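Here is how the chains run, residue by residue.
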Amino acid sequence: MTNSRVQAKKEKKAKKSVKKKKKHVVLKTFLILLALMIITAGSYAFYLFKQGEKAADKALDKNNTREKSELRQEKVEPLKDNISILFVGIDDSKAREQGSDHSRSDALMLATLNNKDKSVKLLSIPRDSYVYIPYVGHEDKITHAHAYGGTQATIDTVENLLNVPVDYYFRVNFDAFIDIVDALGGIEVDVPYELHELDENDKRTVNLKPGKQVVNGREALALARTRHQDNDIKRGERQQMILEAILKKASSVSSLTKYDDILEAVGNNMKTNMTFNEMKSLAAYIKNGMPQVDSLSLKGSDDMSTGIYYYKLDPNNLLEIKQTLQNHLELSEDELNNSQNNSSDDTSGTDTNSTNTNSNSGYGSDYQSNSDYSGSNSGSDFSSNYDSNNSSNTNQ
């Protein structure tokens, strides 16, 4: 074998060795990067977990000693049972000077979650609905239930109205709503008409054109609250659209890096009776993306016969909504009977219901009787004062 051929073989062997080394280096680099990504993702996931735990602990209502709804036979578990969640939006702004315990509810939505098919039914309850309020023992606007007796008075009123248990609640103020939407980087909504609307400080600074667009927290709040150009039903539909837009954005991959800001907003401005472990189990509803959400509304008619505006619910539609929610929750015969008995007891029309509800609620300081709001006459006085004081601000 000539020297030139030997040399060529050596060079070929050397080139193969270099290529092998390069492959090893590339593979090693890739594995290192992959390991770093896993460690980083794991660290971030752990960080989010701890942030979530901290936010949930801050949001947990320590005064709430209610074990379960009185319409339930046993306490429910989100991972194995169908559950219901009441969303209570309140205006406890400094401008109102009412405080969180005596502010009116500005938005009320009840969600029922079916664990089998991971579907959601979302009912918007018009704030001026004329309903029986067990806490005071007479009928009034449902928005006043929270002013009378806080969150539990609102829960009792909704349970009595719909004959379904309210298992969990989230009470959110305007600041939380704005911060959550902003933390998500805005949400996409369909603005129905041109808006020149009040902001969270009651200043007319929000301006929107009609059509699909991304809105920030202040704009989303103004869109949720306005009713100048339509009515409470349309208002409820807009609130449902906004809540669905928030869920859609929150369940997207692009929102992963924003969860810590969302958690901070939630912890600072929200109260709930749902523990961190129970919240974590709700992730099953969004693990495959946005769940199926059916929006429902309560039909009715405007009523000014007393000189005060009320929204009178249509009894046939109300019955249909009750049955839809009961079927979605798959309530047992015992639970259905319990809810019917509870409804007939609470609507007996006597003022003693207020006392009975207080003693059985187990809700703590948020549900104590308040002399300013007790008695059979207080509702009409409060309603009259409320409507006369706010006649110039129909947005509220």
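Residues numbered from 1 in each chain as written. Predicted model: local features only at pLDDT ≥ 70, side-chain atom pairs only at ≥ 80, totals over all residues. Heavy atoms only, no water.

J.: Is there a simple way to think about the sheet that holds strand S1 (residues 83-90) in this case?
T.: Two orientations exist for strands paired in a sheet by backbone hydrogen bonds: parallel and antiparallel. Strand order in the open sheet formed by six strands is S11-S6-S1-S2-S3-S12, and the pairing between neighbours is mixed. Each edge of the open sheet is held by one strand with a lone partner, namely strand S11 (270-272) and strand S12 (293-297). When strand polarity is set aside, the average angle formed by the axes of neighbouring strands in this sheet is 20°. As paired strands, strand S3 (residues 119-124) and S12 are joined by five bridges and run parallel to one another. When the sheet's bridge partners are listed, lysine 121 is paired in S12 with aspartate 294. Of the strands in this sheet, S1, strand S2 (105-114), S3 and strand S6 (168-173) touch helix H2 (residues 144-162), which is tilted by about 140° from S1. Its contacts with the sheet place helix H8 (residues 315-329) against S1, S2, S3 and S12, and it is angled at close to 155° to S3. (Pairing = 2+ DSSP bridges. Helix = DSSP H or I, 4+ residues; strand = E, 2+ residues; numbered from the N terminus. Axes fitted to C-alpha atoms, helices over the stretch in contact; angles between N-to-C directions. Contact = heavy atoms within 4.5 Å.)

J.: Where do I start with the nonpolar core in this structure?
T.: By size, the foremost hydrophobic cluster in this structure holds 33 residues, and its most contacted members are Leu86, Ile125, Val158 and Leu162. Secondary-structure elements contributing two or more residues to this core are S1, S2, strand S4 (130-133), H2, strand S14 (310-313) and H8. Setting aside chain neighbours within four positions, we find leucine 86 in contact with Leu108, Met109, Leu110, Thr154, Ile155, Val158, Val166, Tyr168, Tyr169 and Phe170. Among the nonpolar cores identified, the runner-up in size contains 24 residues, and Val191, Leu195, Ile242 and Ala245 belong to it. (Core = buried A, V, L, I, M, F, W, Y, C linked by side-chain atoms within 4.5 Å. Buried < 20%, exposed > 50% of the residue type's maximum accessible area, 1.4 Å probe, protein only.)

J.: Could you clarify how one ought to interpret the pairing of S3 in this entry?
T.: Remark: a regular strand shows side chains that alternate across the two faces of the sheet. Buried residues dominate S3, accounting for six of its six residues. With burial as the criterion, each face of S3 is covered, one bearing Ser119, Lys121 and Leu123 and the other bearing Val120, Leu122 and Ser124. Bridge count between S2 and S3: six bridges; the pairing is antiparallel. Looking at S3, one finds that leucine 113 is bridged to valine 120. Taking the residues that link successive antiparallel strands as the turn, the S2-S3 hairpin has four residues, and the phi of lysine 118 there is positive, at about 55°.

J.: How should I be thinking about the pattern of salt bridges in this particular structure?
T.: Side chains that differ in charge, positive against negative, can pair when their charged atoms come close. According to the stated counting rule, one finds 17 salt bridges in the structure shown. A salt bridge links aspartate 106 to arginine 127, with the nearest nitrogen and oxygen atoms 2.7 Å apart. Residue aspartate 106 is located in strand S2, and its partner arginine 127 is located in the loop between S3 and S4; the two are separated by 21 residues in the primary sequence. In this structure, aspartate 106 engages arginine 235 in a salt bridge whose closest nitrogen and oxygen atoms are separated by 3.0 Å. Here aspartate 106 is found in strand S2, whereas its partner arginine 235 is found in helix H5 (residues 232-250), with 129 residues between them in sequence. Taken together, the salt bridges that share partners define one network made up of Asp106, Arg127, Asp128, Lys141, Arg225 and Arg235. (Salt bridge = Lys/Arg side-chain N within 4 Å of Asp/Glu carboxyl O.)

J.: Honestly, the packing of helix H4 (residues 217-225) against H5 in this entry has me stumped. Any pointers?
T.: A packed helix pair is summarised by two numbers, namely the angle formed by the two axes and the spacing between the axes. Taken N-terminus to C-terminus, the directions of H4 and H5 make an angle of 150°; their axes are 7 Å apart at the nearest point. Taken together, the axes of H4 and H5 lie roughly antiparallel to each other. Side by side, H4 and H5 meet where Ala220, Leu223, Ala224 and Arg225 of the first sit next to Arg235, Arg238, Gln239, Met241 and Ile242 of the second. (Parallel < 35°, antiparallel > 145°, perpendicular 65-115°, else oblique.)

J.: Got a minute to help me understand empty space enclosed by the protein in this structure?
T.: A water-sized probe rolled over the atoms picks out the places where empty space is left. If you walk through the whole model with that rule in mind, you get two cavities of 30 Å³ or more. Considered as a void within the structure, the second largest cavity measures approximately 50 Å³ in volume. As for the second largest cavity, its lining consists of Asp106, Ala107, Leu108, Ser124, Ile125, Pro126, Arg127, Asp232, Arg235, Gly236 and Gln239. For the lining of the second largest cavity, the secondary structure elements donating two or more residues are S2 and H5. Residues of the lining of the second largest cavity, tallied by class, amount to four nonpolar, three polar and four charged. (1 Å grid on protein atoms, 1.4 Å probe; cavity = no way out; pocket = protein on both sides within 12 Å on 5 of 7 lines; lining within 4 Å. Points joined across faces, edges and corners; volume = space filled by probe spheres on them. Nonpolar A, V, L, I, M, F, W, Y, C, P; charged D, E, K, R; others polar.)

J.: What is the right way to read H8 from this model?
T.: Since there are 3.6 residues in each turn of an α-helix, residues three or four apart along the chain are aligned in direction. The end-to-end C-alpha distance of H8 is 21 Å, a good match for the 21 Å that 15 residues give at a rise of 1.5 Å each. Listing the buried residues of H8 in full gives Asn317, Leu318, Ile321, Lys322, Leu325, Gln326, His328 and Leu329. Its side-chain oxygen 3.3 Å from the backbone nitrogen of asparagine 316, aspartate 314 forms the N-cap of H8. After H8 finishes, the residue glutamate 330 shows a positive phi value of roughly 50°. (Expected span 1.5 Å × (residues − 1). Polar contact = N/O pair within 3.5 Å; in protein donor to acceptor, adjacent residues only side chain to side chain.)

J.: Can you help me understand H5 in this one?
T.: Its 19 residues give H5 an end-to-end C-alpha distance of 27 Å, which sits within 8% of 27 Å, the value for a rise of 1.5 Å per residue. Inspection of H5 places Asp232, Ile233, Arg235, Gly236, Arg238, Gln239, Gln240, Ile242, Leu243, Ala245 and Ile246 among the buried residues, and these make up the whole buried set. Its side-chain oxygen at 3.2 Å from the backbone nitrogen of isoleucine 233, asparagine 231 defines the N-terminal cap of H5.

J.: Looking at this structure, I do not really get the packing of aromatic side chains. What am I missing?
T.: Geometry of an aromatic ring pair is reported as the spacing of the ring centres plus the angle between the planes. Scanning the model with the defined rule gives two aromatic pairs in all. Summarising the aromatic geometry, the rings of phenylalanine 87 and phenylalanine 170 are spaced 5.9 Å apart at their centres and angled 15° between planes, so their arrangement reads as stacked. Of this pair, phenylalanine 87 sits in strand S1 while phenylalanine 170 sits in strand S6, and the two are 83 residues apart along the sequence. On the accessibility criterion, phenylalanine 170 (9% relative accessible area) is buried. When the ring centre of tyrosine 310 is taken as reference, the NZ or CZ atom of lysine 141 above it lies at 5.8 Å. (Phe/Tyr/Trp six-rings, centres within 6.5 Å; stacked < 30°, edge-to-face > 60°. Lys NZ or Arg CZ within 6 Å of the ring centre and 35° of its normal.)

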